[in-house]
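# Overview (structure and organization)
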Amino acid sequence: MNFDFNEDQYAFQEIASRLLTDNFPLQADLSADKTRSSRLWASLRDLGLFALPVPEAFDGLGLDSINLALPMEELGKAVAPLSIAHTLAAADLIGRYGTQAQKEKLLPSLAAGNLRISIASQEESASYDLHDATSVKGGQSLHTVKLLAPDADEADYFLVTAKTASGRPAVFLIDRARPGVLVSKQKTIDPAAAFHRCLFDGLKISDIDMLGSAAPEQAAHRLFDVCATLYAGMALGVAARLLELSVRYAKERTQFGKPIGSFQAIKHKCADMAVAV
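Rules and cut-offs
Residues numbered from 1 in each chain as written. Predicted model: local features only at pLDDT ≥ 70, side-chain atom pairs only at ≥ 80, totals over all residues. Heavy atoms only, no water. Pairing = 2+ DSSP bridges. Helix = DSSP H or I, 4+ residues; strand = E, 2+ residues; numbered from the N terminus. Axes fitted to C-alpha atoms, helices over the stretch in contact; angles between N-to-C directions. Core = buried A, V, L, I, M, F, W, Y, C linked by side-chain atoms within 4.5 Å. Buried < 20%, exposed > 50% of the residue type's maximum accessible area, 1.4 Å probe, protein only. Contact = heavy atoms within 4.5 Å.

## Topic: the sheet that holds strand β6 (residues 195–204)
- The strand order across the open sheet built from three strands is β2-β6-β5, with neighbouring strands paired in antiparallel fashion. Of all the strands in the sheet, the pair left with one neighbour each is β2 (141–150) and β5 (181–185). Here the average twist between neighbouring strands, direction ignored, is 15°.
- Bridge count for β2 against β6 is seven bridges, and the pairing is antiparallel. Looking at β6, one finds that Thr-144 is bridged to Phe-200.

Structural data, given as structure tokens:
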């Protein structure tokens, strides 16, 4: 059996790689370029990236998540905003678990790259276990603070994880414009990541806000699995880029009149890095 990517997948990777390399080179302080995120988003929208996971019935390409693997690596190499991964994951989840009304309203705009969705799941006193999430009080009111939501100040919607009245993990689709949603910038060690703190203050919700109401826990686990996969692709891209930069530096940096890459100790380090990647 052949588990390699096909020609179309490699071709899309090459196009994405050229676009990112030529137009969005790395720099010492990515947070200093205030327009980089919006310019990058617009370029990926024109490339058709956001249409990949959206079903054809809703103006997408209807491709499976394997087709996102190589583009996510390229996005990692370019240190692209994490909100791109969140929006792609949201498109997958809405396509699988959204109501017909939610699909008709959101998926065409997601495919066109005209909507941004941020996932608000992490809580200060909770682990990554979905069963640690805040519960919806009385089945109707949500009061919680979520941390590390990327680019939440630019999000149109949030996917918020919480437990239902029965204690089952679930995902709720929340319009940012609704009363009770407050977003503030969160200071982290990586200013380029643009993380935010999201307060959902007594937000009134109902079953129509839930994705996959027939199987809410399945939808919640799907969201975490897809996000983990997309993040893994970006992390692999970061590691590959660091290897590339390290090897380039070893060829250019000289000591005792020779490039340090000619020394066996440095060769071993580069080889170990390559094996790890």
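Now that the structure has been shown, the text picks up again.
## So, the nonpolar core
- In this structure, Leu-49, Leu-75, Ile-84 and Leu-159 are the most contacted members of the largest nonpolar core, which totals 47 residues.
- Per element, the largest residue contribution to this core is nine residues, and it comes from helix α4 (residues 82–97).
- In contact with Leu-49, not counting residues within four places along its chain, are Phe-12, Leu-44, Leu-68, Pro-71, Leu-75, Ile-84 and Leu-88.
- Formed by 18 residues, the second largest nonpolar core is a distinct cluster that contains Val-136, Ala-149, Ala-162 and Val-181.

## A few points about the pairing of strand β4 (residues 169–175)
- Of all seven residues making up β4, six are buried, and the element is well covered by its neighbours.
- With seven bridges connecting them, strand β3 (residues 157–163) and β4 associate as antiparallel partners. Paired with Thr-161 across the bridge in β4 is Val-171.
- Linking two consecutive strands that pair antiparallel, namely β3 and β4, is a turn of five residues; a positive phi of about 90° is found at Gly-167 within it.
- In terms of strand pairing, β4 meets strand β7 (residues 210–211) through two bridges, oriented antiparallel. Residue pairing in the sheet places Val-171 in a bridge with Leu-211 of β7.

So yeah, pure geometry; function would need other evidence.
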